[in-house]
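In case you want the letters, here they are:
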Amino acid sequence: MGDLCGTLSDSRLGRLAVQFGKFGLVGVVGLVVDTAVVYALVFGAGLEFFAARIPAYLAAATTTFALNRAFTFRGAADAPLYRQWAAFLAANAFGGVVNYGVSIGLEATLPLAEAHPVLAVAAGSLSGMVLNFAASKHLVFKGA
């Protein structure tokens with residue numbers, strides 16, 4: 001069993017799986033940031049959910065960019081920080097649109113998601129995850 005695990009982690013597929021796992025862990029941190037900002041803006045500042053999702057997404061995306069740069073894709077070709085951050089936001093824009101659309105759709109149609117926005121935020125995050133991983137790996141953090 002030890003040889004199989006060692007062989008898998010040394011293989012290209014194994015390294016990809018480890019990287020995707022790290023991306024997922026970073027995504028959990030992003031989900032916490034996203035949810036905290038949504039709750040602060042909806043329940044603290046009185047914003048509507050659809051409006052709160054935009055600054056919450058930007059806060060989460062910035063957090064996940066920093067963590068992915070330092071943890072998930074460490075060793076990737078470094079670009080200037082501001083340029084790589086902008087590339088990360090641009091490359092993850094489609095996943096962000098999917099994330100936003102799913103969360104808004106659920107919050108607007110399901111009373112449970114309206115009462116507990118974390119459910120809509122989590123579903124949105126999961127829906128864009130694979131797209132964002134591929135975009136991050138191939139467009140932003142090349143060579144990792």
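The structure presented is a predicted model; accordingly, all values stated were derived computationally and were not measured. (Residues numbered from 1 in each chain as written. Predicted model: local features only at pLDDT ≥ 70, side-chain atom pairs only at ≥ 80, totals over all residues. Heavy atoms only, no water.)

### A few points about the overall build of the protein chain
If you tally the helices and strands in the protein chain, you get seven helices and zero strands. For the protein chain, the spread of C-alpha atoms along the principal axes amounts to about 50 × 40 × 20 Å. Here the protein chain holds 144 residues, and the buried ones make up 33% of them. Accessible area for the protein chain stands at about 8100 Å²; split by element, carbon and sulfur atoms hold 73% of it. Computing the positive centroid from 9 side-chain charges and the negative centroid from 7, the protein chain places the two 15 Å apart. (Helix = DSSP H or I, 4+ residues; strand = E, 2+ residues; numbered from the N terminus. Buried < 20%, exposed > 50% of the residue type's maximum accessible area, 1.4 Å probe, protein only. Areas by Shrake-Rupley, 256 points an atom, 1.4 Å probe, with all protein chains shown as cover. Lys, Arg positive; Asp, Glu negative; His and termini not counted. Charge placed at Lys NZ, Arg CZ, Asp CG, Glu CD.)

### Concerning the UniProt feature "transmembrane region" (unreviewed entry) in the protein chain
Those places that UniProt annotates as "transmembrane region" (unreviewed entry) correspond, in this numbering, to residues 20–42, 54–73, 85–106 and 118–135. Secondary structure within residues 85–106 divides into 95% helix and 0% strand; the distance between the first and last C-alpha atoms comes to 29 Å. In residues 118–135, helix accounts for 100% and strand for 0%; the two terminal C-alpha atoms are 25 Å from one another. (UniProt positions renumbered as here; feature names shortened; annotations may be inferred.)

### Regarding the side chain of Ser103
Of note, Ser103 is situated in helix α5 (residues 93–109). For Ser103, a relative accessible area of 0% puts it in the buried group. Excluding its chain neighbours within four sequence positions, the residues that come into contact with Ser103 are Phe49, Arg53, Ala120, Val121 and Gly124. (Contact = heavy atoms within 4.5 Å.)

### Remarks on helix α7 (residues 117–140)
In an α-helix, one full turn covers 3.6 residues, which means residues spaced three or four apart are oriented alike. Under the 1.5 Å per step criterion, the end-to-end length of α7 is only 30 Å for 24 residues, more than 12% shorter than the ideal 34 Å. The axis of α7 is deflected most strongly, by about 45 degrees, at Met129. Buried within α7 we find Pro117, Ala120, Val121, Gly124, Gly128, Met129, Asn132, Phe133, Ala135, Ser136, Lys137 and Val140. The secondary structure elements touched by the buried residues of α7 are α2 (12–44), α3 (49–72), α4 (81–91), α5 and α6 (111–115). (Expected span 1.5 Å × (residues − 1). Bend = angle between axes of the 7 residues up to and from the residue.)

### With respect to the pattern of salt bridges
Counted by the stated rule, this structure contains one salt bridge. Notably, a salt bridge pairs Asp34 with Arg53, separated by 2.5 Å at the nearest N-O pair. Taken together, the residues Asp34 in helix α2 and Arg53 in helix α3 connect sequence positions 19 residues apart. For the pair Asp34 and Arg53, a shared accessibility class is recorded, and that class is buried. (Salt bridge = Lys/Arg side-chain N within 4 Å of Asp/Glu carboxyl O.)

### What to know about the packing of α3 against α5
Closest axis-to-axis distance for the α3/α5 pair is 10 Å, and the angle between their directions is 150 degrees. Relative to α5, α3 is oriented roughly antiparallel. Judged by the sense of rotation from one axis to the other, the crossing of α3 with α5 is right-handed. The segment α3 lies against α5, with Phe49, Phe50, Arg53, Ile54 and Tyr57 engaging Gly96, Asn99, Tyr100, Ser103, Ile104 and Glu107. Residues that form the contact of α3 with α5 fall into these classes: six nonpolar, three polar and two charged. (Axes fitted to C-alpha atoms, helices over the stretch in contact; angles between N-to-C directions. Parallel < 35°, antiparallel > 145°, perpendicular 65-115°, else oblique. Left-handed = near helix turned anticlockwise from the far one by under 90°. Nonpolar A, V, L, I, M, F, W, Y, C, P; charged D, E, K, R; others polar.)

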